[in-house]
Amino acid sequence: WRCLRHLTAVTVAVVTTSGFGVAELFDYRNQNASAVDEISGGLHGIRLPEGAISGITASDAMAGAGFNTHDSANSPERHRSERENYRRVCVILSSQILSLLDAFIFPDTLDASQPTSQLHGLTLVRSTEQRLGQAQGPLLASLIRLSLLLMAHLEPSSVRFLQCCSRLRCFLHWTLELIRESVASGGYSAAFHELTAPLDRLVLAIVLQCHRAFSRCSAVLIEIESSPADKYFPSIDSRQKNYRRLFRATLELREIVMAAYRGRNEVLRAALSLQAYEALQAGLEEINNQKIQGAPKSSHRRSSMSRASASGGSGSKEASLRAFMANSWVTGFHDVDIDGNLVIPEQVANGQIYRHRTASNRGRLAIEELASESKTIIKDYNNALNTPFEAYCEDQRQWAETDAVRDMEYEGDIAVKRFSAKYRSDLSQITRLVSLRTEAADHRWKLVARKINEPWMENGYWKLAKHTDRLHRRILLVRNRNFKSHEEASYELMLGREREKAQKYREERLRKIKEKKEQDLSDSLRGGRNVTFGDLNEEEKEGKEMNKVSSMVRVASKGIIPFAEYSIDDNEDVDDVDDLDDITLEPEDEDASQNTDGIESEVLSDPQNVDTHEWDQVKPEDYEHYQGEPEKETDINAWAKAFVWYEGEQLVHSFESVVLVTLQTTTDGILLLTTHGLYFHPTGDEINVMTKEMLSKPDDKNSKEQKDRRWRLSQLTEVHGRRYMLRAQALELFFADSHELFINFNGGTKERDKFYAKLRNSCKVPMLCSPKSLNPRTVFKRSNLTEQWRKRKISNFDYLMQLNIMAGRTFNDITQYPVFPWILADYTSKELDLNDTRVFRDLTKPVGALNPDRLSQLIERYHNLDGFPEEERFLYGSHYSSPGVVLHYLIRQEPFTTMAIELQSGRFDCPDRLFFDLAATWKSCLTSTSDVKELTPEFFTCPEILLNTCNFPLGETQSGIVVSNVNLPPWANGSPYEFVRMHRLALESEYVSQNLNHWVDLIFGYKQRGSNAAAAHNVFHYLSYEGSVDLDKITDEIDRRATESHIQNFGQTPSQLIVKEPHPTRSAAEDCWKPLCYEISCIKELRCHTPKKQFGGSQTHGAVISIHVLTESIVVIYSDFTVGTYKWSASRNGFSFKMDKMRIIGCRDSSMSSSAVFGGDCAPERAARKKSSSSRNGIDNNANNGKSVVGHWSFGMTLGGSTNDGLRRRAAIGTMRTSKAFEGSSGLMDASYLLLSCGYFDGTVKMHSIDGLRMKCSGSGGHRGAINCLKIGTDGGLMVTGGQDATCRVWVVDHSDMAIALTDGYVQTALATFNGETNENLLSCCHVLWGHEEAITCLDFSSDLDLVISGSVDGIVCIHSVRRGKFIRSIDMNESSLDRALHNRFDMHTPVRLLTLHSNGNFATHLEDGMLLLYTVNGAKLCSTDSGEKLNAMAICTGGEMLVTGGESCHVVIRSMRDLGVRCVLDLSNHGPIRCITLTPSSLNPAPQFMYIGTEDGKVTIVDRGPMQRKPLAEGEEEVPYWNVR
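This report concerns the structure included in the present document. These figures come from a predicted structure and were not determined experimentally.

Calculation notes
Residues numbered from 1 in each chain as written. Predicted model: local features only at pLDDT ≥ 70, side-chain atom pairs only at ≥ 80, totals over all residues. Heavy atoms only, no water. Helix = DSSP H or I, 4+ residues; strand = E, 2+ residues; numbered from the N terminus. Buried < 20%, exposed > 50% of the residue type's maximum accessible area, 1.4 Å probe, protein only. Contact = heavy atoms within 4.5 Å. Areas by Shrake-Rupley, 256 points an atom, 1.4 Å probe, with all protein chains shown as cover. Salt bridge = Lys/Arg side-chain N within 4 Å of Asp/Glu carboxyl O. Pairing = 2+ DSSP bridges. Patch = residues over 30% accessible without salt bridge, like charges linked within 9 Å, V, L, I, M, F, W, Y side chains within 5 Å. Lys, Arg positive; Asp, Glu negative; His and termini not counted. Charge placed at Lys NZ, Arg CZ, Asp CG, Glu CD. Axes fitted to C-alpha atoms, helices over the stretch in contact; angles between N-to-C directions. Expected span 1.5 Å × (residues − 1). Bend = angle between axes of the 7 residues up to and from the residue. Disulfide = S-S within 2.5 Å. Phe/Tyr/Trp six-rings, centres within 6.5 Å; stacked < 30°, edge-to-face > 60°. Lys NZ or Arg CZ within 6 Å of the ring centre and 35° of its normal.

Turning our eyes to something else, we now look at the overall build of the protein. Helix and strand counts for the protein come out as 39 helices and 42 strands. Across the 1526 residues that make up the protein, the buried fraction comes to 54%. Contacts in the protein between residues at least 24 apart in sequence constitute 65% of all its contacts with a sequence separation of at least 6. For the protein, the accessible surface area stands at approximately 68200 Å², while carbon and sulfur atoms represent 50% of it.

Let's shift gears to the side chain of T8. With respect to the element layout, T8 can be found in helix α1 (residues 2-17). Every residue in contact with T8, bar those within four places of it in the chain, is listed here: I97, L101, L139, S142, L143 and L146.

By the definition in use, this model includes 50 salt bridges. For R145, the salt bridge is made with E373, and the minimal N-O distance between the two is 2.8 Å. Of this pair, R145 sits in helix α5 (residues 139-153) while E373 sits in helix α14 (residues 362-400), placing them 228 residues apart in sequence. Residue class for E373 comes out buried when judged on its relative accessible area of 7%. A salt bridge links R1363 to D1275; the nearest nitrogen and oxygen atoms lie 3.2 Å apart. Residue R1363 is found in the loop between β30 (1356-1361) and β31 (1367-1372), and its partner D1275 is found in the loop between β24 (1267-1272) and β25 (1278-1283); the two are separated by 88 residues along the sequence. By sharing partners, the salt bridges in this structure join R145, R201, R362, E369 and E373 into a single network.

What follows concerns the pairing of β25. Of all six residues in β25, six are buried, a share of seventy percent or more. The alternating pattern of β25 places L1278, V1280 and G1282 on one face and M1279, T1281 and G1283 on the opposite face, and all of these are buried. Of the strand pairs in this sheet, β24 and β25 are connected by five bridges, and their pairing is antiparallel. By the bridge assignment for β25, K1271 is matched with V1280. Bridge count between β25 and strand β26 (residues 1288-1293): five bridges; the pairing is antiparallel.

Glancing now at a positive patch on the surface. Together, K772, K781, R782 and K1060 line one region of the surface with positive charge. Within the secondary structure layout, K781 lies in helix α22 (residues 776-782).

Taken in spatial order, the four strands of this open sheet run β16-β17-β18-β19, and their pairing is antiparallel. Looking at the sheet topology across the chains shown, the edges are occupied by β16 (1104-1109) and β19 (1135-1144). For this sheet, the mean inter-axis angle between neighbouring strands, taken without regard to orientation, is 20 degrees. Sheet topology places β16 next to strand β17 (residues 1113-1118); five bridges connect them, and they run antiparallel. Its bridge partner lying in β17, V1104 is registered against Y1118.

We now examine α14. With 39 residues, α14 extends 55 Å from end C-alpha to end C-alpha; this agrees with the ideal 57 Å at 1.5 Å per step. If you look at α14, its biggest bend is around 25 degrees, right at N386, and the proline P388 turns up within four residues after that. G363, R364, A366, I367, L370, A371, E373, S374, I377, I378 and Y381 are the residues of α14 that are buried.

Let's shift gears to the state of the cysteines. Counted by the stated rule, this structure contains zero disulfides. In this structure C217 is not part of a disulfide, and its nearest cysteine sulfur, from C165, lies 6.9 Å away. Accessibility expressed as a relative area gives 0% for C217, which makes it buried. No disulfide involves C1325; its sulfur sits 6.4 Å from the nearest other cysteine sulfur, which is in C1326.

Strand order in the open sheet formed by four strands is β28-β29-β30-β31, with antiparallel pairing between adjacent strands. Two strands bound the open sheet, and with one partner strand each, they are β28 (1336-1342) and β31. Neighbour-to-neighbour, the strand axes of this sheet turn through a mean angle of 15 degrees, independent of strand direction.

Moving on to unusual backbone geometry. In this chain, E894 is followed by P895 through a cis amide linkage whose omega measures 5 degrees. Note that P895 resides in the loop between α26 (883-889) and α27 (896-903).

Right, let's talk about the pairing of strand β37 (residues 1442-1447) for a bit. Remark: a regular strand shows side chains that alternate across the two faces of the sheet. Within β37, six of the six residues are buried, which leaves it mostly tucked inside the rest of the structure. With burial as the criterion, each face of β37 is covered, one bearing M1442, V1444 and G1446 and the other bearing L1443, T1445 and G1447. With five bridges joining them, strand β36 (residues 1431-1436) and β37 adopt antiparallel strand pairing. Across the sheet, residue I1436 finds its bridge partner in β37, namely L1443. Bridge count between β37 and strand β38 (residues 1451-1456): five bridges; the pairing is antiparallel.

On to the packing of aromatic side chains, then. The tally for this structure, following the rule as stated, stands at 37 aromatic pairs. Between F811 and Y817, the aromatic rings sit 5.2 Å apart at their centres with planes inclined by 85 degrees, giving edge-to-face as the arrangement. For F811, a relative accessible area of 4% puts it in the buried group. Here Y889 and F915 contribute two aromatic rings whose centre-to-centre distance is 5.4 Å and whose plane-to-plane angle is 85 degrees, an arrangement assigned as edge-to-face. Note that Y889 is positioned in helix α26 and F915 in the loop between α27 and α28 (918-927), a separation of 26 residues in sequence. Each member of the pair, Y889 as well as F915, carries the same accessibility label: buried. An aromatic cluster is defined as three or more aromatic residues linked by ring pairs; in this entry it consists of F214, F324 and W329. A cation sits over an aromatic face here: R418 above F419, 5.3 Å from the ring centre. Positioned above the aromatic ring of Y1240 is the side chain of K1246, whose terminal nitrogen or guanidinium carbon lies 5.1 Å from the ring centre.

All right, on to a nonpolar patch on the surface then. Together, I452, W456 and W1330 give the surface a local cluster of nonpolar side chains, amounting to about 270 Å² of exposed area. Tracing the backbone shows W456 in the loop between α15 (403-453) and β5 (462-464).

Dropping the structure here:
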């Protein structure tokens, strides 16, 4: 109670100081004149919540600070504007303190039946309390002052206002009681007596504020009755509640005035003007007369009145209140007189003349005394605040004059100087950090500029992409910005230089010896000294030096360059593919700090000079200011603070000793794991993998400094356990944007496992899909990989690549590069018959055992290794996979070219030892005792490794052969693309499929080690096997380095995945799924059939423009935007095709298809009878040479990214339980598909649910203009659109985690609308793909390649990476056009009409002039032909060997992807031009594959592979396929 009492006094002082004293409340001009309060929304006042009131923060309280409302220097206008800042704060404070005091003043245990219940709190407030200033009065005065403030500013119809009026009535009664006690004890009753004057003034103030409150209530009542119900209140019920509260508040106000009139009439008579008092008296007496007239005369009368009160009592009260509010006292006297800073209400007695009578000045004096009280309160309040501080200052002054203080001042002065210096240093460092971040932002902007400008730069030179595709293949070539011709590394040139250098060295030494001899002879002649034996010894030393030089010359002549003395430094970083998330800062010299602007402009002026890396990078100097003095170091991870952390990101663990391993370098450092990212801080130099030297020397001013890096865990998708130096202590991390990260933990396996456990349990990794175990054998055993391969659901290549990945092989460690087998043994024939088993290599034996003669020699050598322990004996001294082998094969493409030069100490190897002839290499693998190498994956995916595309000086052999491109077998016809195609076919052949398990046993299986390996002649050097040596136990440094060198350079055997049993064989081809057109011979078996019962045809739905095959249904979209669903099922014994539903896409009226707009009311005609049927069927010809605006390129279907991702994760389990669950839920899955479409006038992509065709969302993704085409990837989560604005855009479909990963949660460009029900963003645009100058006409997207190809009106095809949004290259198709000369002469272009891309990296292009071209994604043209028609649909069959086309000639043509030659033609002239072609997805394996052809007559034709022979048909009998049509 004491605390609240004191707080009340302080609150009154604060409110008064803020300009809301009792006297200031009379200035009605300061009150809000608007009907609705701007902040709270209250009607003619502030509206406070009915429940608990939130507190006032310091920022709210200080919102209007910096002024003094009672400063006379400020103008009244400024006073009013500044007071408004504090108005709401003061109202809330007053309401809160009064609510707190209610618990003491109005206890709940009070007995209301007591006659003195209304005065129960008087005992608490009657005595004069200790207060701040004598003028403030007792506690009761403080309560009245706060209540008057609330009554002046609260909303009249609110609950708080009603509570305030009720509370004020109680306070008034207590005031009158105190006055009566004073009158009774003192014997006086005059108004404004000395003892009662403070309370009399408050009574007057209460009456005056009630008068103002009546006016505000009247205004609110008018607003409520004259305005619509929903203008001020949310409902009619709310309006009625406010209406009733308003009348109750008015009634309380009338009772307050009545109590004041009755209890202290002499005060009102003295303080009010004659006219105002007369009006007030008339209004109150009228109320008394009404009560007297309506008083009951008897008990019977009283009971009748009580009954009447239930029905009409409220009405009479309302009438009485309305009559009182119409009184002249309430409706008048609203003006005020301004006398300086004093505001005097009009009704206050101030010498007014009324009816020849003059009023006194008692009222004016009361107002002046109230104003004086406010000033006194403010003065006392300030004194109360200042007095303790002044006393404290005086004490401090006296204390400061002592000697002890002077000593402390000296010490403090020293401390201040030290702290000032530290502050200046910290401020300088913070300023520098801000500058660095600004520079980093500018750098990112430069990268954006380069990304936009890059498509129009010259192509230049290319190199193998650092990152693989989703199938872990290296197919793509990317631009090499730091290209080196390596002319100085030519073998002949380097050999000549070494000879010349050795000769100059010899001549220089001889010259110095001769000069020294002459000098010694001259000195001896002048001094009479003889030549000593020491001089003769010097000559002997010089002779030895000459012998050394001669030895160097002889070594150089043999092609061997001493490594230690003649290694070449190459400090220039290899330019990796840029990333807009990089933070790359140029190193800063000490002298450069004076001219940073010049350096920045010089470095960043040209986008091509911007140094780019894969990850966020910050230099070590960026965080030096965090480290402080060594002895005061507290945060060892402060370097990571230079990065911008996510909100809520926290440190998980720090790993002090790790090695960041890349293909070319290794770097020691510290790894910091947080909840959102990985941070790497290099603690050592970047070491070249080949030379084992630092990439930059400490004294090299031009060297690039090591930079800190960051990887975001939101992009992490997979984690695999890896070995490093044959020790299982490394991890390889795979990210959604194709980045890979190889980390070795020097702390061993436990530290690696600790990192993985914390990563899974403590970090935000929403996209991580990896097993809990890091053991390769366990991961392989728990996967269903072998079963998928056995059932031919994955190819031989994919299986071998997955085995390599699981066994620890990686593209990031040159010592553990993936290994693939030699497949063929015939490299001399002109024709290659893959049905002949003699052309294949024996896969049951290792390469070293293929030649019996060589094997016998090796066995003999094996038995002669008497000095070796049994476990250290080996059959082959070399390995089938080592850094030298990899560089031997890939020397023609960077970065392997540079690495091969580094391996040979700065030059190319001897040309005779280079890889330049495939047949000779195979022969060497069969005959040489030191050559047992296998192949690399690039021999099956990347023809460019066989081409010297960059014209590197590989030299000339001793026989005069210039080494350039690799000499290929005759059956390859001199084309590396044909060789890779045939090589891949050989890998997928039936012979390899039936024997590949034996090779797997040798490399990954039970024949890799032990007795089974010895029996299979598969024993290599013991240091190539995991666990053969413990490097930590080798104490001798020389032995340790020798062992490490052997492990790194001479090959490592993969982890053993199968230990005991042989690898199972692959199932027979007859028992497994096959593509429809898997080889040329099967084309003869193709049959076509058009089911009679279809939605199209006789009806008016138009042409079939898109077909989508689902698990149990087929969705057919017609040109009038109607969607027909067919139920289908297929097996080896039958096929059913049954009509299900027919629905209309709701937004078809906004489609650019005329048939959709007019509802398909024009019946289609046969194309053979009427050529103009296209326009009636919705095939709208635009300005671009007649291509349809809406077609199969306008639609796509997907389950959504999150659903597909979940299905892939569950399918990876491979259990019978999940497979049965898939079978049972296939129908539900079909109903969950989403239909995406474009080709609308509003330029958006629209998403509909296939079940009901309800539109879920739509968006433009930032496209300006129409969206012409779209394509959804096979993963279901990514979509690419092409628009009229010459850009393509990458979308994420219903996969929020992927959207965050690709955009990093920072940038989300032109997001589509949110779903109102789930509040999820179903469509997110994450990348804009630049490169075209004209509108996009077509595109295709391969999820496996992570590439999209797009064609435009000007005949340009651009290739981009999808997940990273990077431009790769552009290809001009006009060079292959039929009218090339015409185009060159008149600068005309041939638009690209159709594109189709296969996952093997080849794509077909169809131009508007009829040309059909075949290219690779690396820009190599394979073949071309004239199709003779305008095609409307193209599809590459599974396997990539057949191309199916259909167009205006009404024929389906099957062509070979080898030369685009026609292999089969299906005549569908009876159905009109071909509009779309769809193949059953291979993901529906083992269901047979069919081809669905949509034609212009609205029919769907089905093509399958039938039996070779059928019984002859009777006369008049139609051919019926083997399936059953319902």
